[in-house]
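Read off the chains here:
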Amino acid sequence: MSEHVSSFQAPTGTHDVLGPASAQWEGLVAIFADFAYRYGFSLVISPLFEDVGVFNRGIGEHSDVAKKEMYVFEDRGGRTYALRPEGTASVVRAFVQHQPTTPWKAWYVTPAFRYERPQAGRFRQHHQLGVEVLGTDDPAVDVEVITLAWRFYEAIGLRRVRLLINSMGHDECRSAYVELLREHLRDNVLSLCDEHRKVWNENPLRVLDCKKDECVAVTSRGPMLPDHLCDDCREHFAAVVAGLFSLGIETTLAPRLVRGFDYYTRTTFEFVADALDGAQNAIGGGGRYDKLAEQLGGKPTSGIGFGTGIERLLLTRAAENPHAPDLVNRELDVFVVDTTGEDSATVLLDTLRQTGLAADRAYDGRSMKSQMKVADKSGARFALLIGPQELAAGEVTIRDLRSDNFEQAQQRVARADVVAVIADLLSK
RNA sequence: GUGGGCGUAGCUCAGUUGGUUAGAGCGCCAGGUUGUGGUCCUGGAGGUCGCGGGUUCGAUCCCCGUCGCUCACCCCA
């Protein structure tokens, strides 16, 4: 800042996550990875950018995300790519490309990019955790995916989360329904809100999602999707709801829940955090996409997935309980203070770390007082002091940084015994 | 894309109804005699008052523009 050179900052809508906040991320990802493992999922890593067609065909060219929110660019070879705006399309593209044996259960953690104006809980780069299951339309897998999400939310301490669930039907029963809805909207065009009065015909389902009083009044008098499902879809939906009920997972039937991506069929769901009173209270969502693999050039393959936003999860945790415990412990065990200027600290640290302890030190040959201050701020449980006396005696002074009694707080032990003594002290 | 609020030290903010060397708290660094943190005391470093232009004898303060942050709409995680 002292120079007149211009500097840089993170692009609009993006953020650097530094410690200690980043430890919360580590914790979330680690817990989710563990859940995924316990539910039989394996990690899938796919590219952050794809041929733009993957997303256009996947999420639908008429969706808002595809129309105006994608980061599209041309590379030096003239190919048109887009940064992934969500996780599912890439994973399904990978499935189609590699044709793993089914059912294929994959989980991911990824950034997602959307060109939007940032606001509370919404960014141009956000991060999602998610799972996908390809190759079965068994309602049991719908239940399993939703259960994984639900139990995960419980595990990270969320208490005020509601599960909204709906069925979009399959191609035929949905398009039949859309026609019914279209007729109903046509008869009531003048009663719709300003915006939908113009565009209701392009995608009638979107009107269901409108929160304006005018649109709500019209659609609530009109046909509802769950009432117009075919027998198969109705049975499938009933099986999903029954499965969740048998697990004690409370569901809210949401007949007007229409999610933003066109690929959804049958089961769709969303998790809403009541602690987030802003507009951005959806912390996760997903659904079935039985036509997506075909749309991406693969064999007809059923699929279902779920994604949840890391930033919103952390916001929700903080909103529900400002004093929520850390999701992962990143405190140091010991801090080495060495004023001899020789390599005692270097050697001792190597030993400590090899035994699995978390250990750090001060640099630049600072005074003992200065190093002790750093030790204190590091949060370490113990300080290990090496001055001329310890050096000469081949010993180390162990000081308990949580004790305020000078006499009882420290003891001198032989270098060779340090690891054992520390291990013993930490186990108490 | 549209609209509101805001932009002064690393952080949170005062302040100047336009006038000499711009402040506080926290944080950071160094001391408070002989090798020891957390409290306390002292001292220090650190700011083109977002950037550009205009008005003025003079602008951090007024005006315009611009960039950025933030909140909301739309939509979404």
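All values reported here derive from a predicted model rather than from experimental measurement.

Visitor: Quick one: what's the story with the sheet that holds strand S14 (residues 382-386), residue by residue and with numbers?
Guide: With mixed pairing, the five strands of this open sheet are ordered in space as S13-S12-S14-S15-S16. Looking along the sheet, the strands with just one partner apiece sit at the ends: strand S13 (359-361) and strand S16 (410-414). For this sheet the average axis-to-axis angle between neighbouring strands, irrespective of direction, equals 25°. As paired elements, strand S12 (residues 334-338) and S14 share five bridges and run parallel to each other.

Visitor: Pulling in residues and values, what's your account of the side chain of Thr 265?
Guide: Residue placement: Thr 265 occurs in strand S9 (residues 265-273). Beyond its immediate chain neighbours, meaning those up to four positions away, Thr 265 contacts Met 168, Gly 169, Arg 174, Arg 288, Tyr 289, Asp 290 and Lys 291.

Visitor: With reference to specific residues and values, describe the environment of Leu 208.
Guide: Take Leu 208: it is sitting in helix H8 (residues 204-209). Once the C-alpha coordinates of Leu 208 and Thr 219 are considered, the two residues, 11 residues apart in sequence, prove to be 6.2 Å apart. Excluding its chain neighbours within four sequence positions, the residues that come into contact with Leu 208 are Tyr 177, Leu 181, Thr 219, Arg 256 and Val 258.

Visitor: Break down the nonpolar core for me, citing the residues and quoting the values.
Guide: Membership of the largest hydrophobic core comes to 85 residues, with the highest contact counts inside it found for Phe 152, Tyr 153, Leu 205, Phe 269, Phe 271, Ile 283 and Phe 306. A per-element tally of this core places helix H5 (residues 139-155) first, with nine residues. Once you skip the residues sitting within four places of it in the chain, Ile 283 turns out to touch Tyr 153, Leu 158, Val 161, Phe 271, Ala 273, Leu 276, Thr 308, Gly 309, Arg 312, Leu 313 and Thr 316. Counting 17 residues, the second-largest nonpolar core is a separate cluster that includes Leu 357, Ile 386, Val 396 and Ile 398.

Visitor: So what's going on with helix H1 (residues 21-38)? Which residues, and what values?
Guide: With 18 residues, H1 should cover 26 Å at 1.5 Å per step; its first-to-last C-alpha distance of 27 Å lies within 8% of that length. Those residues of H1 that sit buried are Ala 23, Gln 24, Trp 25, Gly 27, Leu 28, Phe 32, Phe 35 and Ala 36. Summarising the contacts, the buried residues of H1 are in contact with strand S5 (104-113), strand S6 (125-134), H5, strand S11 (303-309) and helix H12 (310-320). Taken from the residues just after H1, Gly 40 is the one with a positive phi, measuring 85°.

Visitor: Account for the pattern of salt bridges, with residues named and values stated.
Guide: Counted under the stated rule, the structure contains 20 salt bridges. Among the salt bridges present, the one from Arg 259 reaches Glu 270, with a minimum N-O distance of 2.7 Å. One end of the pair, Arg 259, is in the loop between strand S8 (251-253) and S9; the other, Glu 270, is in strand S9, with 11 residues separating them in the sequence. Overall, the relative accessible area of 16% leaves Arg 259 in the buried class. Of the residues examined, Glu 270 reaches a relative accessible area of 16% and is grouped as buried. Each of the salt bridges in this network shares a partner with another, and the network as a whole consists of Asp 142, Arg 288 and Asp 290.

Visitor: How would you summarise the protein's contact with RNA strand B if you had to cite specific residues and measurements?
Guide: Neighbouring RNA strand B are 47 residues, the closest being Arg 114, Arg 122, Gly 260, Gln 389 and Leu 401. For RNA strand B, the backbone makes up 48% of the atoms found within 4 Å of the protein, where backbone means sugar plus phosphate. For RNA strand B, a sugar or linking oxygen lies 3.1 Å from a polar atom in the backbone of Gly 284. Contact between RNA strand B and Gln 389: a base oxygen at 2.5 Å from a side-chain N or O atom of the residue. Ranked by residue count, the leading element in the surface near RNA strand B is helix H14 (residues 368-378), at seven residues.

Visitor: Quick one: what's the story with the environment of Ala 176, residue by residue and with numbers?
Guide: Take Ala 176: it is sitting in helix H6 (residues 171-187). Overall, the relative accessible area of 47% leaves Ala 176 in the partly exposed class. Once the C-alpha coordinates of Ala 176 and Leu 229 are considered, the two residues, 53 residues apart in sequence, prove to be 9.1 Å apart.

Visitor: Account for helix H2 (residues 52-59), with residues named and values stated.
Guide: Within H2 the residues assigned to the buried category are Val 52, Val 54, Phe 55, Gly 58 and Ile 59. On an axial view of H2, the arc spanned by its buried residues comes to 160°, and they lie on one face. Looking at where H2 begins, the residue whose side-chain oxygen comes 2.8 Å from the main-chain nitrogen of Gly 53 is Asp 51. Directly after H2, the chain includes Gly 60, whose backbone phi takes a positive value near 100°.

Visitor: Quick one: what's the story with the packing of aromatic side chains, residue by residue and with numbers?
Guide: Applying the stated rule across the entire model yields 18 aromatic pairs. Among the aromatic residues, those joined into a cluster by ring pairs are Phe 32, Phe 35, Tyr 39, Trp 107, Trp 150, Phe 152, Tyr 153, Phe 269, Phe 271 and Phe 306. Over the ring of Phe 35 we find Arg 38, and its NZ or CZ is 4.5 Å from the ring centre. Against the face of Phe 41 rests Lys 105, its NZ or CZ located 5.0 Å from the ring centre.

Visitor: Explain the sheet that holds strand S3 (residues 72-74) to me, and be specific about the residues and the numbers.
Guide: Remark on secondary structure: sheet strands pair via backbone hydrogen bonds, oriented parallel or antiparallel. Pairing within the open sheet is antiparallel, and its three strands lie in the order S2-S4-S3. Only two strands of the sheet have a single partner each, and these edge strands are strand S2 (49-51) and S3. Recorded for the sheet is a direction-independent mean angle of 35° between the axes of neighbouring strands. Two elements, S3 and strand S4 (residues 80-83), share three bridges in a ladder whose sense is antiparallel. Bridge pairing links Glu 74 to Thr 80 in S4.

What counts and what doesn't
Residues numbered from 1 in each chain as written. Chains lettered and ligands numbered in written order. Predicted model: local features only at pLDDT ≥ 70, side-chain atom pairs only at ≥ 80, totals over all residues. Heavy atoms only, no water. Pairing = 2+ DSSP bridges. Helix = DSSP H or I, 4+ residues; strand = E, 2+ residues; numbered from the N terminus. Axes fitted to C-alpha atoms, helices over the stretch in contact; angles between N-to-C directions. Contact = heavy atoms within 4.5 Å. Core = buried A, V, L, I, M, F, W, Y, C linked by side-chain atoms within 4.5 Å. Buried < 20%, exposed > 50% of the residue type's maximum accessible area, 1.4 Å probe, protein only. Expected span 1.5 Å × (residues − 1). Salt bridge = Lys/Arg side-chain N within 4 Å of Asp/Glu carboxyl O. Near = heavy atom within 4 Å. Polar contact = N/O pair within 3.5 Å; in protein donor to acceptor, adjacent residues only side chain to side chain. Arc of directions from axis to C-beta. Phe/Tyr/Trp six-rings, centres within 6.5 Å; stacked < 30°, edge-to-face > 60°. Lys NZ or Arg CZ within 6 Å of the ring centre and 35° of its normal.

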